[in-house]
Structure formats: C-alpha cells, structure tokens
Amino acid sequence: MSDLRNADDPIWIDEVWLDTVVVAGLTCFILCLMGLSQVPTAKMGILYGVVGMIALVVAYWVDDTYTYDEGTWLIAASMAPGAVAGLISAVVVEMTSLPEMVGAYNGFGGLAAAVAGYGLYLDPGATFLVRDGIRVVEQTDEMLIVQAIALWLSIVIGLMTFTGSMVATLKLHGTISSKSVMIPARGLYTAVIFAVMVVFGVLAFAGDQTWNDRQAGIAYLAIVGAAAGLYGYTAVMAIGGGDMPVSISFLNSLSGFSTTATGFMLFNKALVVAGAFVGCSGIILTIIMCKAMNRNVTNVLLGGFGEGSSSEQKQAKSKDDEEGDVTIVEASEVVETLTSAKSVIIVPGYGMAVAKAQHAIAELTTRLRRLGIMVRFAIHPVAGRMPGHMNVLLAEAHVPYDITVSMDQINQDFPSTDVVVILGGNDIVNPAAQTDPDSPIAGMPVLEVWKAKTTIVMKRSLRVGYAGIENPLFLKPNNRMFLGDAKESTEKLVALVGNVNKDSVSDTDGTHLGDEETAVPKISKEEKEMLQFAEDLSKLREAVFLKVGVIREVDPDEEKIAIVPSGCKDLMKQGIQVYVQSGAGEKGQFFDSMYESNGAIVLSSAQQVLDTVDILVKIRAPAFHPDLGQHEVDRMSNKTLISFLGPRTEEGKTLMARAVEHQVNLLAVDAIPRISRAQSLDVLSSQAKVAGYRAVIQAAYQLQKFCNGEITSAGSFEPSKFLVVGAGVAGLAAISTASNLGAHVRAFDTRLETKEQVESLGGHFLVLDFGNESGGDAAGYAKVMSDAFYEKEMALFLQQAKEVDVIITTAAIPGRPAPVLIQAEHVNAMKPGGVIVDLAGGNCALTRPKQTYVHNGITIIGSDMTNQAMNWQASTMYSNNIVNLFGMLCKDRQLNWNANDPVIRGMTCVWNGDILFPPPESMTATAAAPQQNTSGTKNTTSPEKKPNKPSFLEHRLWDLASVRELLLVGVLAIFFAVVAAFAPVVFSQQLGYFILAAFLGYYLIENVNSALFSPLMSTSNALSGVVILGGLLMISVEIGSPTSTLGCISTCVAAINVFGGFAVSYRMLLMFNKEKL
C-alpha cells in the first residue's frame, strides 16, 4: 500500500465505470452544442445536454466514494428548491424578459462556484484525498498550490460574475438606470482592487493561515470576495445601455470559467471541460457582439467596456447631418404605402420587445403576404438586449425563422426594396455610423435601410435611442415617422390592412376605388398605371443602360416564355429594355401587342434579337436553332445567356466548354443557391409549386369520385385518399391543394425535418423508423438511402397503395435518375379507378414519359415539371423570378457581376472565358459573404480612412508569423516549462482537458446559427450548472459543518441553472418553425 502515498499515482483516477459515465456525459454536451448549430437539430441537441447532465449528476450521486452517510437524501433536499425555482422561472418568464433571466442565470452560476470555493477552504479534509469519508492520502505541496490558486479564481470570477450579472439584470429590468456610471480614476481603481484580491488571497494561505482557518484565513477570503463583488458591480455599472448585449455575453463566459476554476480546484475533469465549453461560447458571442458594435474586444476583457458611450460622446452630432424636416404620417398613409409595395423588410428593435408587439407584427406580416407582398425581417446582431433576442420574440409569434435574415445577408437587398419598416429600432439603422467619424457609433455595422425607396420608422417619440445618439435617418426625404406605442400602432395597421385587397386600394386622390357608391365611373388602378407608364415611356427609354432579349424556344414542346409583358414593364422601370421575337409568347396567350404596350420592342426574327441585345433570357438550355442555322451559343459571342443549363450534367459541361470557346457568359437559373435571400429568384421552387398544384388537378380530373367527403340524400361518401411521395416544394404544393379540395392527404419523405411542414398544410406524415440514417444531404435535398431502408420503404408503399385513391410522386435526387419507388406490385395493389401522377418522370416503374394511359384500371400520368399545361402561370412566375434576378444583378444602373455575392457567384457557370462552376463551398453556404466594393469607385457612404501603419507586433518574421504570434508562442513555452517543472501530474491532465475542450468549444460555437444565440446562451447557463457537482462532492462531509452547508447552498443555486436553463431553451426552440409553403 505504500505506493498509494504518492499523490500523482492512479489513486487520483476515478473508478472505470465513473470515468466512463463522465466521458459519456461530456460527449452528450458536445452533441448538445453540435445540435444547436441549426434550428432543425437544436431540440435534439437540448435533449443530449439533458441526458449528459443527468448522467453526470446521478453518477456522482450514487457513487458511495463521493456520496455517503446522510449525503444521499441531503443532495435531493438541496436540489429540490433550486429545481422548482428554475422550472417555474423558465415556464412563466415572458420572452420579452428573457435577457433579465439569462443575466440572472449567469450570476447564479458564478455564485455557485464561489460558494463551492468557500466550502472547500473550510473543509478539514481539503488537503487530503478523501474517499467514502476516509482521508486516503495527503496531497503534495504542488497540488495544494494549484488547488489554492483555483479556489481563489473560483471565488474571484464567481462573485465578480454574480454581482455584475445582478446589476445587468436590474438595468435590463429598468430598476437601475441604463446610463453609464463611470468611476473617477478608473484605471487606478482597477489596479487597487486587483491588488487587494491578490494580497489577501495570498494571506489566506500564507504564514499561520492555511486550509480550514475559520478566523483570519476566512476573513481574508471574505475580503477577496467583497473586492471581487465590488469590481463586478462597478464594471457593469459603467456599461451604457447600448453595450448590454456585450455585457451579457461576457458575463456568460465568466460563469463558464468560474465553473472551470472549480474543476481545477476539485481536480474534476467534468467541471473543467463543461466550463471550457461555456466560457468559449460566451467569448465567441462577445467577439461577435463587439464586431457588430465596433467595440474593442481587449477593452471588454479588461473591464473597459462601456467607454464607447460616454456622456460627452453621446452629445456628438454628425457633421453631415441633413437639413430638413421630419415627415410624420398617420396609419392610413402607412397602410397605403405598404399595400402598394412588392417587397417589404421589417427591422425589429428593442422597442418591439418593450411594447410586446411581436404578435401584432406577425399578424401584419401574414396579412401583407396574403396580398402577394414579399415580407422579410432584417435582424441586427445586437438588436434587443441579448444575442438573438429578436429571433426568439418573432419565433414566439410564429414568424417562420426562414424569413428572418441576418444583417450580412440582407444589407445588399435594401436598394431594391420598396418599403422598410423600422419597429422600435434606432441605433442599428443610424446612418451616422457610416457618415460621421466623430459619432460614438462610427464604424459600427448597421442595417442600411436608408437605401430603400421608402422607410417608415415606428417609435414612441422623436427622442434619441437607447444609446443616446441622434439619428439623421429621421430627416431623410424618403423617411416617414409613424409615432406611437409600437403595439397599438401595429394593431391599427393590422385592422386597416384587413380591409384592403389588391383590387381595392386607395387612389392617390383619397377616394376608394372599391366603393360602389361613386357618382362618376373611374378607371381601375391598373389602367391608370398603364396610362402613366405610357406617358413616361419615352423618358424611361432614354435612361436604358441594358438590353435584354427573349426569343421563341427551339423545343416545339416548350410553350412557356422567359419574360411576360408585365415583366417587361418592371424591367423598363429599372432601366432595362426588353426585345422580344414576334410571336414568342403566343402559346401562353402573351401577344405582341401586349408586349409593346408594356414597353417591349418586338422584332421579327431571333437573329435580329440576338444582334441587338446584351443578354438573352431563355427557359430551355441553348440548342441548335433552325432559323439561325447554328447553335444559339455560337451566335452569342461576347454576350450573356441566362437559362436552365443543367451544369451538373454532361450536357451542361459540354455547353460550358462551348461557351468558353465563343466567349459567352452563362448564368444557370437551376443553380441558384437555395438560401433565404434568393427565394424571390428561385425558379426551381416556383416551377415546382405550379407542378405540384397541377398534379392534383390532373389527378382529380381522372379520379371518378369526390375529393372531399359528401353526405347527401343519395348516400354518404368518404373523402378521397391521396399519398404524396416527396415533401419538397412540389410535394408541399400538392399536399396543400389536395387538402384544400377536402381530400385526406398522407405524405412521405426521407427527410424527417419536413414533418412539421406537411402537418401544417393538413397532411399526415408517414414516419418510417430507419434508426440513425439521415434522409437529407447538407443542401437539404433527399439523398440515396440504404438497401435496408429501401426494403422498408417498399413495404410501406405497398400497404398505402392498397388504401389510397391517388399517388403523386415528386421524389428526385439532384444529378441522379429519379428513384423507382412505385413498383408494378404497388400499382396492381391499388383499387380500380386509382390514379398515379409521376412528376419526377421515373418514380413509377410503369410510367410512360409524357403519356397518360390505363393499366389494369389504374390511370398512370407520366407528367413532369415543365408545366406546359399551365404555361401562363408558369411563365409569369418564371418571369417574376427573372425580374428579381436583374434587380440583384444591376446596381446603380449598371450590370454588376459581384463575385462576392453567393447568389450570383453560385449560378455563374462561365464568365469572361472561365468556367466557374461549381462555385467554392464558401459561396454555397447559407450566410452571405461580406460585401466588398467591386465597382472600382470610392465608397461614398463611409468616411474614408487612411490605412493604419502596421505596428511592430504585426511585422512578419522569416515569412512565418507575426511578432505578436511568436511572442505568444514564447509565453506559452515558458508557461508549459513551468508546468512541466513544478506542477503535479493531475494538473497537467486537467490542463490538457481544458485546452482541448476550449478548442473544440470554439469550433462548435462558431457554427451556431445567429438565430439560435438566445437558446445557446440559456443552454450555456444550464451547462455551467454542472458546477452542481462541486456542491455534491462536499455535501457528505460531516453533516452540519460549514463545508456541508455551503455544499448544499451551492447545489441549490446551481440547480436553478440546470433545470431552468434547459427548460427555457427547449421552450424557445418549440417556437421556431419554418415557413409553411
């Protein structure tokens, strides 16, 4: 037994089963953070976190080497009050008060760690390894030094976090003024405070004082705690209201690092690793918030944040402030502006949260979209008082999360937007950030709303925003102010919009065109617009900068046309002249006279069109043209072609090579990235929607029975049963249409994430248990499944075929033949009179392409997605997509091919003689790349700054690294040398866990969707609650002793975080829903 006297020996390693449970629990924490990277996987991520926490707590609870005597029931008694308090707070808290609760949870995590630190100091057995209440071996001096330093850090960081978080909570609640309160000689004050903490921390373990010193030693540590608490109080009091998101994020990281300190103090790897995850989470969010507010991260970490909003700076006015008057409007004028728009962006701010207006704005959004208006939300990273606050509020109001767009993605869309509504936001839309270098927010990234055609600011008054800075946006000529309480004002708009439809809107003279009691007949709004357009046409043609052509499609089966007459008018208003080949649109009932009245110029031949235009827009891929006597690409040297190209196919690759040879630029509409900001350009989705609708109509026509159920004197008839295979856009359109006809609809898709959308449209989702096999790829498309899955799928379809009347298949996999899902046995199993519509052109084994025939009493329709039977609708939607595409391609009245725009770059196949498809992976990501000025002109919207001369630390040495990096390497080398020379083995192990966890945590948190920042922070609170283990390890020490009592308190406080953090996170995620297509 003598070898056990060495404290670095295996006695310090827990039992195998306990170590295994700890590893499993930490693995669950990793899966938790991975799941939080995307909305569809986030709820499962929370469940992983819950499982991991349960595993860790129960493992230490039932292990009699840590929990013994009366400790078992005392742990339960300690956790119960905290659990109840956490669950109640998570359930009753309003989402508008979420920042306050997260701030409080940050504080509880720090308090639990600090209490555990005091508890360990007062433990008589602190200097020993204790197992089952027995002092097994005495720790070495080196281990005691490590333990003392970690204990000091646990108290300092914990109490600093607690008091700072309480101040932040009171500020957010309005109990304390949000204004910055700065202490004179702050630098000296900070130095003195830290000196006091260090000196008295050393005294607590030096001289006659040592562990369990309940007189001088604990008094010294009490002074350390008081100083730490005082510093936390004064540091957060110095924060201005505009910096609250930074403070909340930073305090969140401190709660994690206090947990890590407790882990080093108790030599517990679970605390070290979990604390590192939480600490890194908060640090990354702090960095993101600092960048979004143009704050210096170093100042934040040193306690200097808050200086960006000093009283002197708040009084600064933009030297470029515009002269002008504020234009105040009433609700009726706002409604007229909104209902006349095609695209609206809503910018929510903290005013929405204060007024609790999220439900009203959600209803307004719904009503505007019913009028055919595209509505999206622009989310600034620091809107609200914590990261992701606006996303959670909108999710609570059932706003689809996929129409909420981040600042980086949406900023370049403002110039093409008709109306921007700013709801309770001020500083996040302030032009002074770009125009006034002396402004307190100079350089802060903001939403560039002033570039839109019209902006409407909804706020209570004309007073400055939360940061106290004047906003020149109010004086801009295109801005309107709609003053009043955000909720009441929005409810007025909702009521007025409810009385509006597209055919009945207010005319410019104030009369209502829908009123039947008008004495004098009036022309319709559409006729009035056409007369005005005809009057303006000559001026519009003088301003043309781009010529676009449309010719008759070569394929005789293609009846659609790329641009319809109304699209020509819209493009003409953008400065784009459309030339159309005579008769090109006749198959879709779009006649030459209609094109001419909408501003297009009709030419007699395809050759004339090609000779005239800069860009040709088609539907089908280019091919040999009989009238031209050559391939269309060969005839388009130095021009641009936009159409379906199939760039992933061999035919598409041949076309790209041909285009390079003839110097033709190719843009593929079927390669547009399927991201939020590209929805208005997505021809695949628009054509699929038409196809899904048409498939149901075709099936209903062939089906010799009611779709809906009927109860008549002639008998009762059950609703028809439809099975839709594939829940993409076409499938969802089919589900919606069939449900609206009254049919009972079942749907199947390998992607389980489509279940909510199917059910929201009235369908019943068929779930097939296929274990851990995922049915979707990274791009969201269905993927090829395993043979075992395929067998189960076939059995499911056979059972369904016996029951349903109609089967509609839409399952397609990009770049592969459509999978055969409906075999002959399935067809033969259907009841006579049944119908199969195969939209994918190969899902049914008996399909005959483009043919409809009857097989054993079953009508099989070999349909496709080309929509020839609905060419008017399909052409119009395709044309609208093209018009929107030109709105993105053309900036400042010139064609601007922006290689940094993921939409444009993603669809580009050939440009300037280079094949650019496929695009880089970074361009196909959801988040847009940062905007860059590629026009070659000076950026006049931001103050021009001279580049700073690189400092000595930034110089690179030997072309390897900067001086700063090499110095950091040197410092780390010295640190590790000291660790190797003096630290105990157990510390080296824990340090290794910490470093690896920190790097892993960084990469996990870096990928989190910005919409999930609020659930991430509350989940971080829950994970930091793993400090509950510190309390558990102390409770079984002599019952009634200070250590046991403080262990109970620490456990109770940490339980609030664990139960409350997970509960509120899951509650938030239940609110996130996709758009119901």
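Please read all numbers here as calculations on a predicted model, not as lab measurements. (Residues numbered from 1 in each chain as written. Predicted model: local features only at pLDDT ≥ 70, side-chain atom pairs only at ≥ 80, totals over all residues. Heavy atoms only, no water.)

**Details of the overall build of the protein chain**
Of the regular secondary structure elements, the protein chain holds 35 helices and 31 strands. Looking at the protein chain residue by residue over its 1077 residues, the buried ones come to 55%. A separation threshold of at least 6 residues defines the contact pool for the protein chain, and within that pool the share at least 24 residues apart is 75%. Carbon and sulfur atoms make up 58% of the accessible area of the protein chain, which totals about 45,400 Å². (Helix = DSSP H or I, 4+ residues; strand = E, 2+ residues; numbered from the N terminus. Buried < 20%, exposed > 50% of the residue type's maximum accessible area, 1.4 Å probe, protein only. Contact = heavy atoms within 4.5 Å. Areas by Shrake-Rupley, 256 points an atom, 1.4 Å probe, with all protein chains shown as cover.)

**Side note on the sheet that holds strand β10 (residues 576-581)**
The mixed open sheet is built from 8 strands, whose spatial order is β11-β10-β9-β12-β15-β16-β28-β29. Where the open sheet ends on each side, the last strands, each with one partner, are β11 (601-603) and β29 (914-915). Bridge count between strand β15 (residues 640-643) and strand β16 (residues 665-668): 4 bridges; the pairing is parallel. Looking at β16, one finds that Leu 641 is bridged to Leu 666. The strands that helix α23 (residues 650-661) touches are β16, β28 (908-911) and β29; relative to β28, the one it contacts most, it runs at about 25°. Here helix α29 (residues 871-889) sits on the sheet in contact with β9 (546-550), β10, β12 (615-617), β15 and β16, set at roughly 140° to β15. (Pairing = 2+ DSSP bridges. Axes fitted to C-alpha atoms, helices over the stretch in contact; angles between N-to-C directions.)

**Details of the sheet that holds strand β5 (residues 404-406)**
The strand order β5-β4-β3-β6-β7-β8 describes an open sheet built from 6 strands, whose pairing is parallel. Where the open sheet ends on each side, the last strands, each with one partner, are β5 and β8 (479-483). Sheet twist, expressed as the average angle between the axes of neighbouring strands with direction ignored, equals 25°. With 5 bridges joining them, strand β6 (residues 419-423) and strand β7 (residues 454-459) adopt parallel strand pairing. Bridge pairing in β7 links Val 419 to Thr 454. Those strands touched by helix α18 (residues 486-497) are β6, β7 and β8, and its axis lies near 130° from that of β7.

**Let's talk about helix α1 (residues 16-35)**
Quick reminder: α-helices carry 3.6 residues per turn. Residues three or four places apart thus point the same way. The end-to-end C-alpha distance of α1, which contains 20 residues, comes to 28 Å, matching closely the 28 Å that a straight helix rising 1.5 Å per residue would cover. If you check which residues of α1 are buried, you get Leu 18, Asp 19, Val 22, Gly 25, Leu 26, Cys 28, Phe 29, Cys 32, Leu 33 and Gly 35. (Expected span 1.5 Å × (residues − 1).)

**A few points about the nonpolar core**
Counting residues in hydrophobic clusters, the biggest one holds 191 residues, and the most contacted among them are Val 347, Val 449 and Leu 1029. Here the element with the most residues in this core is helix α5 (residues 141-173); it accounts for 15 residues. Membership of the second largest hydrophobic core comes to 41 residues, among which are Val 548, Val 578, Ala 678 and Ile 882. (Core = buried A, V, L, I, M, F, W, Y, C linked by side-chain atoms within 4.5 Å.)

**Examining the pairing of β15**
A regular strand places its side chains on the two faces of the sheet in alternate fashion. Judged by which residues are buried, β15 turns out to be covered on both faces: Thr 640 and Ile 642 on one side and Leu 641 and Ser 643 on the other are all buried. As for the winding sense of the linkage, the β-α-β connection from β15 through α23 to β16 is right-handed. (Right-handed = clockwise from strand over helix to strand, strands pointing away.)

**Side note on the environment of Met 530**
Among the structural elements, Met 530 can be located in helix α19 (residues 525-542). For the pair Met 530 and Lys 569, spaced 39 residues apart in the sequence, the C-alpha separation amounts to 9.3 Å. Not counting the four nearest positions on each side in its chain, Met 530 is found in contact with Lys 569, Ser 597 and Asn 598.

**Some thoughts on the packing of aromatic side chains**
Per the stated rule, a full pass over the model turns up 15 aromatic pairs. Here the aromatic rings of Phe 194 and Tyr 231 are separated by 5.2 Å at their centres, their planes lie at 70°, and the arrangement is edge-to-face. Residue Phe 194 is found in helix α6 (residues 186-203), and its partner Tyr 231 is found in helix α7 (residues 216-237); the two are separated by 37 residues along the sequence. Residue classification places Phe 194 among the partly exposed residues on the basis of a relative accessible area of 33%. The buried category is assigned to Tyr 231, whose relative accessible area is 7%. Put simply, the rings of Tyr 189, Phe 194 and Tyr 231 touch in pairs and so form one group of aromatic residues. The aromatic ring of Tyr 853 is capped on one face by Arg 848, whose charged end is 3.7 Å from the ring centroid. (Phe/Tyr/Trp six-rings, centres within 6.5 Å; stacked < 30°, edge-to-face > 60°. Lys NZ or Arg CZ within 6 Å of the ring centre and 35° of its normal.)

**Observations regarding the pattern of salt bridges**
Oppositely charged side chains can form a pair if their charged atoms are brought close together. Applying the stated criterion across every chain yields a total of 23 salt bridges. The residue Lys 618 makes a salt bridge to Glu 553 at a minimum N-O spacing of 3.0 Å. Linking Lys 618 in the loop between β12 and β13 (624-625) with Glu 553 in the loop between β9 and α20 (565-573), this pair joins segments that are 65 residues apart in sequence. When its relative accessible area of 1% is taken as the criterion, Lys 618 is described as buried. One salt-bridge network, in which partners are shared between bridges, spans Asp 555, Glu 558, Lys 560 and Arg 620. (Salt bridge = Lys/Arg side-chain N within 4 Å of Asp/Glu carboxyl O.)

**Observations concerning a nonpolar patch on the surface**
A cluster of nonpolar side chains, Trp 17, Ile 54, Val 58 and Val 62, forms an exposed patch at the surface whose accessible area comes to about 360 Å². The dominant element in the nonpolar patch, judged by the number of residues it contributes, is helix α2 (residues 39-62), at 3 residues. Along the chain, Val 58 turns up in helix α2. (Patch = residues over 30% accessible without salt bridge, like charges linked within 9 Å, V, L, I, M, F, W, Y side chains within 5 Å.)

The values reported here are purely geometric and, on their own, carry no functional implication.
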